[in-house]
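Listed below, chain by chain, are the residues.
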Amino acid sequence: MDAYSLIVIGSGPGGVSAARAYLSAGGAGPVLLLTADDDPPYQRPPLSKEALRSADAQALTPIDDDLADIEVRLSSPVAAVDLSRRWIRTAAQEIGFDHLVLAPGSHPALLPDLPSEADWHVLRTAADLRRLTTAAGQARTAVVVGSGFIGCEAAASLAIRGLQVTLVSPEIGPQQKRLGDDPSRAITGWLTSLDVRLLLGVEVSGVEAPRRVHLQNGTTLEPDLLLLALGATPSTDFLASSGLVLDEGRICVDRRLETSTRGVYAVGDAALAQHAVAGRAIAVEHWGDAEAMGTVAGRNAAGGSEVWDTVPGFWSEVGEHTLMYAAWGDGWDRLEVVEDGEAFTVWYARNDVLVGVLTHEHEDDYERGRALIAGGASLAAALSSG
Ligand SMILES: Cc1cc2nc3c(=O)[nH]c(=O)nc-3n(C[C@H](O)[C@H](O)[C@H](O)COP(=O)(O)OP(=O)(O)OC[C@H]3O[C@@H](n4cnc5c(N)ncnc54)[C@H](O)[C@@H]3O)c2cc1C
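Residues numbered from 1 in each chain as written. Predicted model: local features only at pLDDT ≥ 70, side-chain atom pairs only at ≥ 80, totals over all residues. Heavy atoms only, no water.

(A) Region of interest: the overall build of the protein chain. The helix and strand inventory of the protein chain stands at nine helices and 25 strands. On C-alpha atoms alone, the protein chain measures out to a radius of gyration of 21 Å, which is about the 21 Å that the 2.2 N^0.38 rule sets for 386 residues. Within the protein chain, contacts between residues at least 6 apart in sequence are counted, and of these 61% link residues at least 24 apart. Of the roughly 16,300 Å² of accessible surface on the protein chain, a fraction of 47% belongs to carbon and sulfur atoms. (Helix = DSSP H or I, 4+ residues; strand = E, 2+ residues; numbered from the N terminus. Rg over C-alpha atoms; globule rule 2.2 N^0.38 Å. Contact = heavy atoms within 4.5 Å. Areas by Shrake-Rupley, 256 points an atom, 1.4 Å probe, with all protein chains shown as cover.)

(B) Quick look at helix α8 (residues 363-374). Its 12 residues give α8 an end-to-end C-alpha distance of 17 Å, which sits within 8% of 16 Å, the value for a rise of 1.5 Å per residue. All buried positions along α8 are accounted for by Asp365, Tyr366, Gly369, Leu372 and Ile373. Angular distribution of buried residues about the axis of α8 spans 135°; they occupy a single face of the element. Along α8, exposed side chains directed more than 90 degrees from the buried face belong to Glu363, Asp364 and Ala371. Those residues of α8 hidden inside the fold are in contact with β21 (313-318), β22 (321-327), β24 (343-350), β25 (353-360) and α9 (379-384). (Expected span 1.5 Å × (residues − 1). Buried < 20%, exposed > 50% of the residue type's maximum accessible area, 1.4 Å probe, protein only. Arc of directions from axis to C-beta.)

(C) Seen up close, the site of the ligand. The immediate surroundings of the ligand are formed by 34 residues, with Lys49, Val78, Arg124, Asp269 and Trp287 found nearest. Thr35 is positioned such that a nitrogen or oxygen atom in its side chain is 2.9 Å from an oxygen atom of the ligand. At 3.4 Å, a backbone N or O of Glu285 approaches an oxygen atom of the ligand. For the ligand, whose accessible area on its own is 990 Å², the fraction buried by protein is 92%. Looking at the shell around the ligand, the elements with two or more residues in it are α1 (13-24), α7 (287-301) and β21. Taken together, the residues that form the shell around the ligand break down as 17 nonpolar, 11 polar and six charged. Two domains each provide a minimum of three residues to the shell around the ligand, namely domain 1 (2-45 + 63-106 + 239-301) and domain 2 (108-228). (Near = heavy atom within 4 Å. Polar contact = N/O pair within 3.5 Å; in protein donor to acceptor, adjacent residues only side chain to side chain. Nonpolar A, V, L, I, M, F, W, Y, C, P; charged D, E, K, R; others polar. Domains from an automatic or database assignment.)

(D) Local environment of the packing of α1 against α7. The interhelical angle for the contact between α1 and α7, taken along N-to-C directions, is 35°, at an axis separation of 7 Å. Crossing hand, α1 versus α7: right-handed. Packed against α1, whose contacting residues are Pro13, Gly14, Ser17, Ala18, Ala21 and Tyr22, the element α7 presents Trp287, Ala290, Glu291, Gly294, Thr295, Gly298, Arg299 and Ala301 at the interface. For the contact of α1 with α7, a count of residues per class yields seven nonpolar, five polar and two charged. (Axes fitted to C-alpha atoms, helices over the stretch in contact; angles between N-to-C directions. Left-handed = near helix turned anticlockwise from the far one by under 90°.)

(E) Spatial organisation of the sheet that holds β24. If you trace the five strands from one edge of the open sheet to the other, you get β21-β22-β25-β24-β23, paired in antiparallel fashion. Of all the strands in the sheet, the pair left with one neighbour each is β21 and β23 (334-340). Averaged over all pairs of adjacent strands, the angle between their axes in this sheet comes to 15°, without regard to strand direction. Here β21 runs beside β22; their pairing, made up of six bridges, is antiparallel. Residue Phe314 lies in a different strand from β22, and its bridge partner there is Tyr325. (Pairing = 2+ DSSP bridges.)

(F) Spatial organisation of the side chain of Ser242. Positionally, Ser242 belongs in the loop between β15 (232-234) and β16 (246-247). You can call Ser242 buried: its relative accessible area is 11%. Within the structure, the side chain of Ser242 is placed 2.6 Å from the backbone oxygen of Leu239, a separation counted as a polar contact. A polar contact is formed between the side chain of Ser242 and the backbone nitrogen of Leu244, at a distance of 3.1 Å. Beyond its immediate stretch of four places on either side in the chain, Ser242 contacts Val81 and Leu83.

(G) Quick peek at the environment of Met293. Residue position: Met293 is located in helix α7. It is 11 Å that separates the C-alpha atoms of Met293 and Val101, two residues lying 192 residues apart in sequence. If we ignore the near neighbours within four places in the chain, the residues touching Met293 are Leu257, Val267, Gly268, Ala271, Ala273, Val284 and Trp308.

See below:
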């Protein structure tokens, strides 16, 4: 059986940064990175933004990491992991490891009971983008189902491409549940200024092939293109019989991002990790945090003893509008909005302790907010320190 000092599963930011950090920290080779993806490592955030907007949507932005000394095998999904014998299995072979970093990310959630002949799209991979842009090139109308970040970004990008877009969501406003009423109103304004039609507070009751969308209020839509943006599910089915502790599909890890099996780590979207500063387990689905977690896990696999301690955050672009958001992401009970013309900052608190900040055109509040959240500042302190 072939064997490697480190095997990494996944070529997203979590996997690539783990492999890189392991070698940079002096970890012994050889290192093998296995990915289900058919394309060399690339950045996902542009897929719903500039790559979808532009007519030349085929160009991918590579992950700008030095992959020298790392053996990368594309189109190689791992089917199973045996922790006691320390090997993984692909369709072709079993491969042994000393250290293992699990970074399989997540995949798009789907509507229940989609007929097999229905013609729908999701947006997670470069292959999804190629299919979607080919379809968009021949479409006049589109329905996007879901008003999370990817749904809002993709609806805006498709509208900028010239499609007549309808966004359908059970939420009463885009991102209303996660971000609150005021930011939701701002996003609504940005989408409607691009002529995106919003059908809110309504569920999809069914889809008929090829693309007839029935809503619970009796409305039927028949777009040329149907995009499902319903959130993501951790890609951890292959770990079902591994013995690893999973919580709602996420791999549970400690502050060092190690599972209960020594030398086996999990990072990124698929991890539920103890956060050294938050003092509890949190789940994040952000590019920069997967990268940061990968770096911690890679260094620890090389013999380090680091903890995950950065406040999670990300940027979103709805058309030409940028939102910057940093938060623990597990709920708030009060928010305060500070407006300054078109610009605004929203401060989120739970039990009066600052737990999040969202800002549009106030970049300094994002960095300041992150530091305040990390320090456990009160909402009052955040409001008075501006
Ligand atoms: C369209 C889009 C836009 C986004 N925009 C933003 C943004 O603006 N800002 C932001 O912070 N975040 C954004 N995100 C989220 C961000 O991309 C993810 O949080 C991040 O990619 C997670 O990184 P990861 O390494 O955990 O997993 P992923 O990037 O999902 O990578 C997982 C990898 O594992 C591989 N894999 C899965 N299962 C297996 C298996 N069994 N065997 C082998 N390989 C496997 C996959 O092929 C893939 O290579 C966006 C996501 C999407 C889809």
